[in-house]
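# Secondary and tertiary structure notes
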Amino acid sequence: MKTALTIAGTDPTGGAGVQADLKVFHHFGVYGLSVVSALTVQNTEKVSATSRIEGALIEAQLNTLINDIRPDALKTGMLLSSDAVRAVAKAVRAYDLHNLVIDPVVRSSSGAQLLEDEALALLKSELFPLAEVITPNIDEAAALTGIAISDAGDMEEAAQELKQLGPEVIIITGGHFKEETLELVYDGRTFHRIRGKKIKGEYHGTGCAFSAAVAALLARGTLVADAARGAKDFVEKAITHAYDIGKGMRLLHV
Ligand code: PLP
């Protein structure tokens, strides 16, 4: 049985964070492991509070787990604090973990801050060089590079700049231009463009689901470009059949 580990925040709706990642891993037939790196108070309308998990406690969770079960792939989501970023980097180095997917979660779509300002620089300097893949959306790519992204050319420029920070592959998600969506994959040599059709509405946790799907597929031995395509198809279906069970954003059908 292949295994994938998520290091992420909790989400009581199950639409994002740890709870969503575990559902996605299960969908792909990969055994899901989880380490909680932050806690959120939220529903489908808003994130009303966040709380850090102490760095030492994140380290203890990682060491205790990985000394027992070594993940075939891992992803990070909402890390919130610098201490969380440091704890993950330390474990990835100490255990020489491969197939690290970083979803550089900065803000929720409702506007809540999910990564503290000082942690952003550390994420770039400490964790990005260890990554197989990073999966920023347009807003995150803009926050990480300072490039305002309004078309596919801007996405390419941001991907090239992010590549300089050390990840093997950059996937910028959620380009919405005219009637199309665009996921841009850049490995330092070639741009792959995955196009899709726009689907109306507000959906919660699409970034989490995408990065978890990439991690699950890497755990299964899929090449990154194919994993990106598989993750895109998966999220598109999960959006098409989303649940409208809360008062706010729809929840993905995973
Ligand atoms: N809560 C947690 C724990 C998350 O990790 C994320 C996104 O990564 C969110 C909330 C926000 O999700 P969305 O912006 O899709 O609503």
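The structure under discussion appears in the preceding block.
The following paragraphs examine the structure supplied in this document. Keep in mind that what you see is a predicted model, and the values were worked out from it rather than measured. (Residues numbered from 1 in each chain as written. Predicted model: local features only at pLDDT ≥ 70, side-chain atom pairs only at ≥ 80, totals over all residues. Heavy atoms only, no water.)

### Comments concerning the pairing of strand β4 (residues 73-76)
Residues of β4 alternate between two faces, with Ala73 and Lys75 on one and Leu74 and Thr76 on the opposite face, all of them buried. Both strand β1 (residues 3-9) and β4 contribute to a ladder of four bridges, which runs parallel. Residue pairing in the sheet places Ala4 in a bridge with Ala73 of β4. Pairing analysis gives three bridges linking β4 to strand β5 (residues 100-102), with the strands arranged parallel. Along β5, the bridge assignment pairs Leu74 with Leu100. In this fold, the crossover linking β4 to β5 by way of helix α3 (residues 82-94) has right-handed handedness. (Buried < 20%, exposed > 50% of the residue type's maximum accessible area, 1.4 Å probe, protein only. Helix = DSSP H or I, 4+ residues; strand = E, 2+ residues; numbered from the N terminus. Pairing = 2+ DSSP bridges. Right-handed = clockwise from strand over helix to strand, strands pointing away.)

### Observations regarding helix α8 (residues 224-240)
Working note: α-helix, 3.6 residues per turn, so residues spaced by three or four point in the same direction. With 17 residues, α8 ought to run about 24 Å at 1.5 Å a step, and its terminal C-alpha atoms sit 24 Å apart, in line with that. The complete set of buried residues in α8 reads Val224, Ala227, Ala228, Ala231, Lys232, Phe234, Val235, Ala238 and Ile239. (Expected span 1.5 Å × (residues − 1).)

### Describing the sheet that holds strand β7 (residues 169-177)
With mixed pairing, nine strands are arranged side by side in an open sheet as β3-β2-β1-β4-β5-β6-β7-β8-β9. Edge positions in the sheet fall to β3 (47-52) and β9 (191-197), since each of these pairs with one other strand and no more. Inspection of the sheet shows strand β2 (residues 31-42) paired to β3 by five bridges, in the antiparallel sense. Bridge assignment links Gln42 to a residue of β3, and that residue is Val47. Strands β6 (133-134), β7, β8 (180-186) and β9 of the sheet are contacted by helix α6 (residues 152-163), whose axis makes an angle of about 160 degrees with β7. (Contact = heavy atoms within 4.5 Å. Axes fitted to C-alpha atoms, helices over the stretch in contact; angles between N-to-C directions.)

### Remarks on the site of the ligand
Taken together, 15 residues lie near the ligand, and Gln42, Ser109, His204, Gly205 and Cys208 sit nearest. Note that a nitrogen atom of the ligand is positioned 2.7 Å from one of the side-chain N or O atoms of Gln42. Residue Gly205 places a main-chain N or O atom 2.7 Å away from an oxygen atom belonging to the ligand. For the ligand, whose unbound accessible area comes to 400 Å², protein coverage reaches 92%. Looking at the shell around the ligand, its residues break down into six nonpolar, nine polar and no charged. (Near = heavy atom within 4 Å. Polar contact = N/O pair within 3.5 Å; in protein donor to acceptor, adjacent residues only side chain to side chain. Areas by Shrake-Rupley, 256 points an atom, 1.4 Å probe, with all protein chains shown as cover. Nonpolar A, V, L, I, M, F, W, Y, C, P; charged D, E, K, R; others polar.)

### Things to note about α6
With 12 residues, α6 should cover 16 Å at 1.5 Å per step; its first-to-last C-alpha distance of 17 Å lies within 8% of that length. Here α6 has its buried residues at Asp154, Met155, Ala158, Ala159 and Leu162. Looking down the long axis of α6, one finds its buried residues gathered within 140 degrees of arc, a one-sided arrangement. Contacts from the buried residues of α6 go to β6, α5 (138-145), β7, β8 and β9. The backbone nitrogen of Gly153 lies 3.1 Å from a side-chain oxygen of the residue at the head of α6, namely Asp151. (Arc of directions from axis to C-beta.)

### Quick look at the packing of helix α2 (residues 55-66) against α3
Between α2 and α3, the shortest axis-to-axis distance is 8 Å and the interhelical angle comes to 25 degrees. When the axes of α2 and α3 are compared, the pair comes out roughly parallel. For α2 against α3, the interelement crossing comes out right-handed. Residue-level contacts link Gly55, Ile58, Glu59 and Leu62 of α2 to Asp83, Ala84, Ala87, Val88, Lys90 and Ala91 of α3. Residues of the contact of α2 with α3, tallied by class, amount to six nonpolar, one polar and three charged. (Parallel < 35°, antiparallel > 145°, perpendicular 65-115°, else oblique. Left-handed = near helix turned anticlockwise from the far one by under 90°.)

### Side note on the side chain of Asp11
Inspection of the secondary structure puts Asp11 in the loop between β1 and α1 (17-27). Not counting residues within four places of it along the chain, the set of residues in contact with Asp11 comprises Ala16, Gln19, Thr40, Gln42 and His204.

### Notes on the packing of α5 against α6
α6 packs onto α5 with a crossing angle of 55 degrees between their chain directions and a minimal axis gap of 10 Å. By the angle between their axes, α5 is oblique relative to α6. Between α5 and α6 lies a crossing of left-handed hand. Contacts from Ile138, Ala141, Leu144 and Thr145 of α5 reach α6 at Met155, Ala158, Glu161 and Leu162. Classifying every residue of the contact of α5 with α6 by side-chain character gives six nonpolar, one polar and one charged.

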